[in-house]
Amino acid sequence: MRSTMEHAQEHEACPEQTQKYCVERPIYNQELLQGQLHRRERTPQTLRQKIAHSCRCSSKKAKSHLYSFLPILKWLPRYPVKEYLLGDIISGISTGVMQLPQGLAYALLAAVPPVFGLYSSFYPVFLYTFFGTSKHISIGTFAVISMMVGGVAVRQVPDEIISVGYNSTNITDSLEYYHARDTKRVQVAVTLAFLSGIIQLCLGLLRFGFVAIYLTEPLVRGFTTAAAVHVFTSQLKYLLGIKTNRYSGPLSVVYSIAAVLSKITTTNIAALIVGLTCIVLLLIGKEINLRFKKKLPVPIPMEIIVVIIGTGVSAGMNLNESYRVDVVGNIPQGLRAPAVPEIQLIPAIFVDAIAIAIVGFSMAVSMSKIFALKHGYTIDGNQELIALGICNSVGSFFQSFSITCSMSRSLVQESTGGKTQIAGALSSVMVLLVIVAIGYLFEPLPQTVLAAIVMVNLKGMFKQFGDVMHFWRTSRIELAIWLVAFVASLLLGLDYGLLTAVAFAMITVIYRTQSPQYRILGQIPDTDIYCDVEEYEEVKEYPGIKIFQANASLYFANSESYTSALKKKTGVDPCAVLAARRKAQKRHAREIKAANELRKKAVLKLVNSSTNDVEASVKHEIATDELPVNGKFASADASVQDKSPDEHEHFVEPKPNIHSLILDFTPVNFVDSVGAKTLKSIIKEYKEVGVCVCIASCSGPVMNELTRLKFFDNTVTRELLFHSIHDAVLACQVKDRSASQTNFDL
């Protein structure tokens, strides 16, 4: 092989001059290439050896596994106190200030008393410091997961079940009724957190971190947008101060809106005024934080400000008793003793736990990747699963419900200078202080204030409606995924909606592989580059050679369409050519038979002639009508001349206008048994009509699959496979010239 390149100095002197390369080498097919290469010798390991190797333990391996399971052991000893501590303290305080009101608010979404939102904002957040690999995400309560938990809790413990056994005349005012209902719903939420945590832990230990890839960005954004609508409608009754049942399952949004509208006349004006005032203050605060982001040292904590103002106004004006405004109520002081979740509930909530586990992990890992890419470090998806699993399962023993990463808090934690997981730990300590010491101060907090906090935090999710126009311009299939995820989650509920969206996303993958794009390639003159002939004017095809490419793998779902597109694009259908040949041969045989019969009749007439006069007349008749002229009888020749030009074509054996067909396998990732049979059938059929089929740019894994499927035999050899399209083209040209020379010599 000989290669030359322009010198760097010449290139610097002439910057506009294009660099070139020139390579001289043989035309490689796989047979020749494999003959010149030497494979590395690898000793295959038995299953016993593999198990023994995986179970073998050394101090280095044990240390590596320990650091992987407890990442804090790796980064904490190297923690630069002077550089990071101040930023982590500021970030932890800022995030904790947000964590407190959001924990109280999202507990309402989870259909449990607000204090359990505080528990969920402490235990899991503190545990993530030890097991998590992301330095910037804020673990804790999140609107979408809380809404999913609430849906399951309401489905398992509806108001109708709890109302049995209580006096119907005072059921709405009975403290025992609310206490019994909330206790059972807490049991469901806690058991759901335990089960989802166990699922995440098992997936992480089994290295199943890749499951998040099945939740594509359009699917997640459509799903979270629908969840935002669910959350918004569920908070309307708190904002308006009216009492309605909470619905879950299919059409729950419709039922919730209908219930609110049916009791709109009972709106509590005081609650509405307080709620709208808080919404305005929160929106103003968020706008100020956004516009003066670079000038403000830390974002203005409007949420905690609104909570403090709302609590003070409620306590000062006694809104609960004077205006019947619903408040948070009793917040027990101190931490609860650990308790075992209700294991008997697991069969009823297993599917919901799977959905919550996958959605929670998807949210956390997507935000983790964004921050890791921005700040130049890596995260371990499997360890993130383990960390979330431990946070949920261990936290469930302390009455916390399912948690994940919060987008809004994570952005605050990162933007306020957070450098490590220390910031998250400090935010959990702030929540702990509230639980232990000052939680009772928030008992007069109106629920409408919490509803306002939840609604304003949905602003970012509602902006995702703009995805419709974005995906309309970029990808209609991704738009379809977004719409199906949104509509299904909105109408069927978040659990069934997610399953429907995932199933539809899988169908789109099958559709794309079943309906790939097919192209005929041509050469850019004087290069070894091949492009679509229909796309570029400069691209030219070689006479007699067709290069066919499909941008998909060849397997059972698209093998038939591959064959049909090949025949259509190349303009050569072997079956049609063979049928035309057989038809022409039959017509030619019939014409020969007719000519022979005419010759026999003429001979009989000559034998039966006895007299000279008769003989002369017979000769005259034969000469004019029946004797062969230039090897054909005049009657037969006349009958042929009377035929149309289309019928003349049947006398000539039909031949395709190409001699070689090259299949570009560059985009092919795998071939199954059906695809291999289809490929072999294509080679055989085109060979029967005189067209040589070659395969170019076949990757090593695909070659191994073809070998494993016994694709190669005496008729289909590795000589038909070429290293590149250009190798195949040159080989086809050489073969065609050799065939032409042989025919010329004959």
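Given the structure is predicted, the values throughout are model-derived calculations rather than measurements.

We now examine the overall build of the protein. Along the backbone of the protein there are 33 helices and 12 strands. The 746 residues of the protein split such that 45% are buried. Summarising the internal contacts of the protein: among those between residues at least 6 apart in sequence, 80% fall at separations of at least 24. Total accessible area on the protein is roughly 40,000 Å²; 61% of this is exposed by carbon and sulfur atoms.

This next bit is on the side chain of Gln-235. Here Gln-235 is to be found in helix 12 (residues 217–240). Classification of Gln-235 by relative accessible area gives buried; the value is 1%. Setting aside residues up to four positions removed in sequence, Gln-235 forms contacts with Leu-108, Leu-109, Ala-451, Val-454 and Met-455.

Once the charged atoms of two side chains with opposite charge are near each other, the side chains can pair. On inspection of all chains with the given rule, the structure shows 12 salt bridges. Between Lys-569 and Glu-534 there is a salt bridge whose closest N-O contact spans 3.6 Å. Here Lys-569 is found in helix 26 (residues 559–570), whereas its partner Glu-534 is found in the loop between strand 6 (530–532) and strand 7 (545–550), with 35 residues between them in sequence. Under the relative-accessibility criterion, Glu-534 is labelled exposed at 66%. Two residues, Glu-541 and Lys-546, come together in a salt bridge whose shortest N-O distance is 3.2 Å. Judged by relative accessible area, which is 35%, Glu-541 ranks as partly exposed. A single network of salt bridges, built from pairs that share partners, joins Arg-155, Asp-352 and Asp-495.

Now for the nonpolar core. Judged by nonpolar contacts, the single largest core of 114 residues is most densely connected at Val-112, Met-148, Val-149, Leu-219 and Leu-450. Ranked by the residues each element gives to this core, the list is headed by helix 17 (residues 346–375), at 14 residues. The contacts of Leu-219, once residues within four sequence positions are left out, are Tyr-214, Ile-481, Ala-485, Leu-498, Ala-501, Val-502 and Ala-505. Residues Ile-545, Leu-663, Val-691 and Phe-711 belong to the second largest nonpolar core, which totals 49 residues.

Evaluated as defined, the whole model comprises 20 aromatic pairs. For the pair Phe-465 and Phe-486, a centre-to-centre distance of 5.4 Å together with 75 degrees between the ring planes defines the contact as edge-to-face. Of the two residues, Phe-465 sits in the loop between helix 22 (459–462) and helix 23 (467–474) while Phe-486 sits in helix 24 (residues 476–492), which places them 21 residues apart along the sequence. Classification of Phe-486 as buried rests on a relative accessible area of 13%. Here the aromatic rings of Tyr-518 and Phe-548 are separated by 5.7 Å at their centres, their planes lie at 15 degrees, and the arrangement is stacked. Of this pair, Tyr-518 sits in strand 5 (residues 518–523) while Phe-548 sits in strand 7; the two residues are 30 residues apart in sequence, bridging distant segments of the chain. The exposure class assigned to Tyr-518 is buried, which follows from its relative accessible area of 15%. Judged by its relative accessible area of 0%, Phe-548 falls in the buried class. Of the aromatic side chains, those joined through ring pairs into one cluster are Phe-122, Tyr-123, Phe-126, Phe-130 and Phe-398. Cation over ring: Lys-135 sits above Tyr-377, and NZ or CZ is 4.9 Å from the ring centre.

Feature annotation in UniProt places "transmembrane region" (unreviewed entry) on residues 104–131, 137–154, 188–215, 253–284, 296–317, 345–365, 422–442 and 479–511, given in this structure's numbering. Helix makes up 67% of residues 137–154 and strand 17%, whereas the separation of the span's terminal C-alpha atoms amounts to 30 Å. Its end C-alpha atoms 29 Å apart, residues 253–284 is made of 81% helix and 0% strand.

What follows deals with the packing of helix 12 against helix 25 (residues 494–514). Between helix 12 and helix 25, the shortest axis-to-axis distance is 11 Å and the interhelical angle comes to 160 degrees. Regarding the angle of helix 12 to helix 25, the classification is roughly antiparallel. Our pair here, helix 12 against helix 25, has a crossing hand that is right-handed. Here Leu-219, Phe-223, Ala-227 and His-230 of helix 12 lie close against helix 25, whose contacting residues are Leu-494, Leu-498, Ala-501, Val-502 and Ala-505.

This part takes up the pairing of strand 5. Burial runs high along strand 5: five of the six residues are buried. Relative to strand 7, strand 5 runs antiparallel, the two being bridged by four bridges. In the sheet register, Ile-520 faces strand 7, and the bridge partner there is Phe-548. Bridge analysis of strand 5 against strand 6 gives three bridges, and the strand direction is antiparallel.

The subject of this paragraph is the environment of Thr-265. Here Thr-265 shows up in the loop between helix 13 (252–262) and helix 14 (269–291). According to the relative accessible area criterion, Thr-265 is exposed, its value standing at 72%. As a C-alpha pair, Thr-265 and Ile-242 span 23 residues in sequence and 9.1 Å in three-dimensional space.

For Ile-27, the location among the structural elements is in the loop between strand 2 (21–24) and helix 2 (30–36). Sequence separation of Ile-27 and Ala-728 is 701 residues, and the distance between their C-alpha atoms is 7.9 Å. If sequence neighbours within four positions are ignored, Ile-27 has contacts with Leu-32, Phe-722, Asp-727, Leu-730 and Ala-731.

A separate point is the sheet that holds strand 11 (residues 692–696). Taken in spatial order, the six strands make up an open sheet running 6-5-7-10-11-12, and their pairing is mixed. Edge strands, defined here as strands with exactly one partner in the open sheet, are strand 6 and strand 12 (721–722). Where strand 11 lies against strand 12, two bridges are found, and the strand directions are parallel. Bridging from a neighbouring strand, Ala-696 pairs with Phe-722 of strand 12. Here helix 31 (residues 673–688) sits on the sheet in contact with strand 10 (660–664) and strand 11, set at roughly 145 degrees to strand 11.

Across the protein, the average pLDDT comes to 84, with 88% of residues at 70 or higher. Within the protein, helix 8 (residues 123–131) carries the highest mean pLDDT (95), whereas strand 1 (residues 2–5) carries the lowest (40). For residues 1–15, every residue scores under 50 in pLDDT, and the model assigns this stretch 18 contacts once sequence neighbours within four places are set aside. Considering only residues more than four positions removed or in separate chains, one finds that residues 618–653, a stretch of pLDDT under 50, has 37 contacts.

This brings us to unusual backbone geometry. Even without a glycine there, the phi angle at Leu-251 is positive, about 60 degrees. Backbone geometry places Arg-324, a non-glycine residue, at a positive phi of 55 degrees. Along the chain, the position of Arg-324 falls in the loop between helix 16 (319–322) and helix 17. Note on Arg-324: relative accessible area 68%, which makes it exposed.

So, on to the side chain of Glu-705. With respect to the helices, strands and loops of the structure, Glu-705 is situated in helix 32 (residues 700–708). No salt bridge is formed by the buried Glu-705, whose closest oppositely charged neighbour, Arg-708, lies at an N-O distance of 4.6 Å. Residues within four places of Glu-705 in sequence aside, it is in contact with Phe-670 and Val-671.

Attention shifts here to a nonpolar patch on the surface. A cluster of nonpolar side chains, contributed by Tyr-247, Leu-251, Val-254, Tyr-255, Phe-350, Val-351, Ile-354, Val-487, Leu-491, Leu-492, Tyr-496 and Leu-499, occupies part of the molecular surface with about 1,000 Å² of accessible area. Only helix 13, helix 17, helix 24 and helix 25 provide two or more residues apiece to the nonpolar patch. With respect to the helices, strands and loops of the structure, Leu-251 is situated in the loop between helix 12 and helix 13. Residue Leu-251 is classed as partly exposed on the basis of its relative accessible area of 36%.

Rules and cut-offs
Residues numbered from 1 in each chain as written. Predicted model: local features only at pLDDT ≥ 70, side-chain atom pairs only at ≥ 80, totals over all residues. Heavy atoms only, no water. Helix = DSSP H or I, 4+ residues; strand = E, 2+ residues; numbered from the N terminus. Buried < 20%, exposed > 50% of the residue type's maximum accessible area, 1.4 Å probe, protein only. Contact = heavy atoms within 4.5 Å. Areas by Shrake-Rupley, 256 points an atom, 1.4 Å probe, with all protein chains shown as cover. Salt bridge = Lys/Arg side-chain N within 4 Å of Asp/Glu carboxyl O. Core = buried A, V, L, I, M, F, W, Y, C linked by side-chain atoms within 4.5 Å. Phe/Tyr/Trp six-rings, centres within 6.5 Å; stacked < 30°, edge-to-face > 60°. Lys NZ or Arg CZ within 6 Å of the ring centre and 35° of its normal. UniProt positions renumbered as here; feature names shortened; annotations may be inferred. Axes fitted to C-alpha atoms, helices over the stretch in contact; angles between N-to-C directions. Parallel < 35°, antiparallel > 145°, perpendicular 65-115°, else oblique. Left-handed = near helix turned anticlockwise from the far one by under 90°. Pairing = 2+ DSSP bridges. pLDDT = per-residue confidence, 0-100. Lys, Arg positive; Asp, Glu negative; His and termini not counted. Patch = residues over 30% accessible without salt bridge, like charges linked within 9 Å, V, L, I, M, F, W, Y side chains within 5 Å.

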